[in-house]
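Given next are the chains, with one letter for each unit.
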Amino acid sequence: MSTQSPGPSFSELPLSPATLENLERLGYRSMTPIQAASLPLGLAGRDLIAQAKTGSGKTAAFALVLLSRLTASRAAGVQALVLSPTRELAEQVAQEIRRLARAEENVKVLVLCGGTPIRPQLASLEHGAHVVVGTPGRVLDHLSRGTLRLDALCTLVLDEADRMLDMGFFEDMQRVIEACPAARQTLLFSATFPEPVARLARQFTRDAEEVRLAEQHAPTKIRQVFYRIEERERLGAVAALLDHYRPASTLAFCNTRRRCRELVELLTARGFLAQALHGELEQVERDQVLVQFSNRSLSVLVATDVAARGLDIAELEAVINVEVTPDPDVHVHRIGRTGRVDQEGWALSLSSLEELAYVARIEEASGTKVPWQPLSALKRSGREPLLPPMVTLQIQGGRREKLRPGDVLGALTGSAGFRAEQVGKIQVTEMSTYVAVERGIADEARTRLASGKLKGRTVKVRRLGGA
Ligand code: ADP
Ligand code: MG
């Protein structure tokens, strides 16, 4: 928690004396910024779309709202539902709600997640829970079995909405939300705010207040460096930049498709995992390139401005301008794709003598001089070749087989024994499911998935991409 100037006190809020006392006991002396911005609105009954970085106190920002609406009698039913991406996060949220609910009598908070047997959950549900925290897949299971009823629901929380979408939970979430009463309060919390989260928020909130605390595209978060190069050095210089900065995900812009192809050839020959995005790819190939890039199992995506249009990628450590663009607006747009939210990003540009005029336009448009460094400042790292942190496994079978992200996550974290943190994005398409796993466990994860069962069937699993 930041210890700068203390935020406003919880006592400014319409909370019961018992709750205030409990907060005091928990050591919550003042509100964090996201709490100060969202609690007054939430407690007044408004829908919320809230964004703030990890660790900023979002849980209490929604927990105090849902607790303020609760009737804790045995027969009152489930009045609040929190959807959460993983079991670990759901457990943490449930813990925090229980701590905050200590002031109240007998508030029952139940966790419903996949990867654990369903029977004990049924028993707990019969005992009457007031707050349910769960992953979309398992909550949906209970809804379809009729073991969870949401008629009495007042508050719906979508926590870590960005991560839930990353994990391919959109359809499950949609079905769960549709099972909630229309007259409810909806609170959406997210650490980042890419377009899919905005769409989700628009679709499922009503007249919501937006509370966004993370400055996006803050100029100081983007560190720009220009390098003067000779034409013949250009493609090799990209490899030198990757070797020196070692970004996990890089978007490299070229002005022409031909340059894109040449760059991918050179990078591949030097052991990098790079792919080009261009119009000649078939849909499946294009999907696979994007799946791998967005789940961090492809280091470099090489694209023209046209091909990169509409790309929606949350975490980019670097943007490389293989060539300087003649249009300063295009330059700003390109480099704005890195350094989002609370991450810093590198914007690295290569300029030949001929392109210096374009650099001058960029300086003129921005009103500042750009910083230069010589290529010789780049260390030949001599380290391991740069490899992306994740590997994509392609599972044969998708929506048609009714596979859901929770099935894959469950298989990996259940009998296969991996931790949820070792599993990244899970994307289910019509015919295939793609799951990102940490590079170090890729082969083992592949073997275990292929030798186990998903939805009662044996599935073929293969590793996508090289290395
Ligand atoms: P987020 O969901 O935004 O990542 P959490 O809700 O998990 O963040 O909160 C991060 C930590 O801060 C937790 O340990 C929580 O107990 C603590 N915390 C939350 N609100 C306050 C507060 N007002 N004062 C002190 N600590 C707080
Ligand atoms: Mg959180």
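Everything below is about the structure shown above.
Considerations on the packing of aromatic side chains
Each aromatic ring pair is summarised here by two numbers: the centre-to-centre distance and the angle between the ring planes.
Phase 1: A full pass over the atoms with the stated rule returns three aromatic pairs.
Phase 2: Relative to Trp372, the ring of Phe226 has its centre 5.5 Å away and its plane inclined at 55°; by these criteria the two rings are tilted. Here Trp372 lies in strand β14 (residues 372-373) and Phe226 lies in strand β8 (residues 222-228), a separation of 146 residues in the sequence.
Phase 3: Relative to Trp346, the ring of Tyr245 has its centre 4.7 Å away and its plane inclined at 55°; by these criteria the two rings are tilted. A residue pair is termed long-range when its members are at least 10 positions apart, and Tyr245 in helix α10 (residues 234-245) and Trp346 in strand β13 (residues 345-351) qualify at 101 residues.
Phase 4: What makes Tyr245 buried here is its relative accessible area of 16%.

Examining the pairing of strand β3 (residues 109-112)
Phase 1: Side chains of β3 alternate between two faces, with Val109 and Val111 and Leu110 and Leu112 buried alike.
Phase 2: One ladder, built from four bridges, connects β3 with strand β4 (residues 131-134); its direction is parallel. Bridge assignment links Val109 to a residue of β4, and that residue is Val131.
Phase 3: In terms of handedness, the path from β3 via helix α5 (residues 119-126) over to β4 forms a crossover that is right-handed.

Comments concerning the packing of helix α6 (residues 136-145) against helix α8 (residues 170-178)
Phase 1: Packing of α6 against α8 brings their axes to within 9 Å, and their N-to-C directions diverge by 40°. In terms of axis orientation, α6 runs oblique to α8. As α6 runs across α8, the sense of the crossing is left-handed. Contacts from Pro136, Gly137, Val139, Leu140 and Leu143 of α6 reach α8 at Asp172, Met173, Arg175 and Val176.
Phase 2: When grouped by side-chain class, the residues that make up the contact of α6 with α8 number six nonpolar, one polar and two charged.

About the cut-offs
- Residues numbered from 1 in each chain as written.
- Chains lettered and ligands numbered in written order.
- Predicted model: local features only at pLDDT ≥ 70, side-chain atom pairs only at ≥ 80, totals over all residues.
- Heavy atoms only, no water.
- Phe/Tyr/Trp six-rings, centres within 6.5 Å; stacked < 30°, edge-to-face > 60°.
- Helix = DSSP H or I, 4+ residues; strand = E, 2+ residues; numbered from the N terminus.
- Buried < 20%, exposed > 50% of the residue type's maximum accessible area, 1.4 Å probe, protein only.
- Pairing = 2+ DSSP bridges.
- Right-handed = clockwise from strand over helix to strand, strands pointing away.
- Axes fitted to C-alpha atoms, helices over the stretch in contact; angles between N-to-C directions.
- Parallel < 35°, antiparallel > 145°, perpendicular 65-115°, else oblique.
- Left-handed = near helix turned anticlockwise from the far one by under 90°.
- Contact = heavy atoms within 4.5 Å.
- Nonpolar A, V, L, I, M, F, W, Y, C, P; charged D, E, K, R; others polar.

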